[in-house]
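# A structural walkthrough
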Amino acid sequence: MNKDYIKWIRSIVGHERIILNFAGGCIFNENGEVLLQKRRDVSNWGFPGGAIELGESAERAAIREIKEETGLDVKAEKLIGIYSDYFAEYPNGDKAQSICTFFEFSVTGGKLFCDKKESIELKYFSLDDLPELFCKQHKDISDDIINKRYGVFR
């Protein structure tokens with residue numbers, strides 16, 4: 001298993017458009033507020049999650065990424081959706097079609113902790129008072145969460 005699949009594939013294809021697979025999720029607190037991370041790479045808010053590494057399932061990737069970014073241990077409860085009709089061009093010139101498998105999680109342990117590497121802030125928000133999210137994919141995900149839609153495919 002390659003530990004940094006994206007770096008490896010980019011060493012071969014450069015900035016050409018590729019398909020990237022991501023996994024993430026939403027976590028609610030006891031007040032029904034959803035956890036967001038202020039991302040270091042874009043200095044804006046989004047849901048925790050990240051790239052699926054080669055040999056990793058979407059669920060395992062989301063659990064790993066959430067642990068790394070928030071300090072929380074989580075368990076997948078529901079599949080919110082698969083979001084595949086999204087394209088991005090990153091500041092370094094990389095281009096990709098972004099596919100995200102997105103879950104609702106419950107907390108099973110750990111302690112909320114901002115790693116300050118990928119996340120510069122973690123905060124729970126009311127669903128009716130969410131900040132601006134960093135991309136259309138996350139905006140569509142938040143819309144599905146607010147409207148309690150599950151099994152979404154876009």
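Residues numbered from 1 in each chain as written. Predicted model: local features only at pLDDT ≥ 70, side-chain atom pairs only at ≥ 80, totals over all residues. Heavy atoms only, no water.

## Remarks on the overall build of the chain
- Check the secondary structure of the chain and you find three helices and eight strands.
- Relative to the compact-globule value of 15 Å for 154 residues, the chain shows a C-alpha radius of gyration of 15 Å, a close match.
- For the C-alpha atoms alone, the extent of the chain along its principal axes is close to 45 × 30 × 30 Å.
- The contacts of the chain with a sequence gap of at least 6 include a subset with a gap of at least 24, amounting to 71%.
- Summed over its atoms, the accessible surface of the chain is roughly 8,400 Å², and 52% of this surface lies on carbon and sulfur atoms.
- One finds the centroid of the 22 positive side-chain charges in the chain at a distance of 2 Å from the centroid of its 26 negative side-chain charges. (Helix = DSSP H or I, 4+ residues; strand = E, 2+ residues; numbered from the N terminus. Rg over C-alpha atoms; globule rule 2.2 N^0.38 Å. Contact = heavy atoms within 4.5 Å. Areas by Shrake-Rupley, 256 points an atom, 1.4 Å probe, with all protein chains shown as cover. Lys, Arg positive; Asp, Glu negative; His and termini not counted. Charge placed at Lys NZ, Arg CZ, Asp CG, Glu CD.)

## Some points on the sheet that holds strand E1 (residues 18-27)
- Spatially, five strands are ordered E4-E1-E6-E5-E8 in an open sheet, and the strand pairing comes out mixed. Single-partner strands in this sheet number two, and they are strand E4 (49-51) and strand E8 (152-153).
- Looking at chain direction, strand E5 (residues 72-89) and strand E6 (residues 95-110) are connected through 14 bridges and run antiparallel. By the bridge assignment for E6, tyrosine 83 is matched with cysteine 100.
- Together, E1, E4 and E6 form the strand contacts of helix H1 (residues 5-13), whose direction differs from that of E1 by roughly 160°. (Pairing = 2+ DSSP bridges. Axes fitted to C-alpha atoms, helices over the stretch in contact; angles between N-to-C directions.)

## Here's the deal with the pattern of salt bridges
- The final tally for this structure, using the stated rule, is eleven salt bridges.
- The shortest N-O distance in the salt bridge between aspartate 144 and arginine 154 comes to 2.7 Å. Of this pair, aspartate 144 sits in helix H3 (residues 136-146) while arginine 154 sits in the segment after E8, and the two are ten residues apart along the sequence.
- What emerges from the salt-bridge pattern is a single network uniting Lys136, Asp140, Asp143, Asp144, Arg149 and Arg154. (Salt bridge = Lys/Arg side-chain N within 4 Å of Asp/Glu carboxyl O.)

## As for the sheet that holds strand E7 (residues 119-125)
- Pairing in this open sheet of three strands is antiparallel, and the strands run E3-E2-E7 from one edge to the other. Looking at which strands have only one partner, the edges of the open sheet turn out to be strand E3 (44-46) and E7. Across the sheet, the mean angle from the axis of one strand to that of its neighbour is 30°, orientation sign disregarded.
- Note that strand E2 (residues 34-39) and E7 share six bridges and pair antiparallel. Within E7, the position partnered with arginine 39 by the bridge is serine 119.

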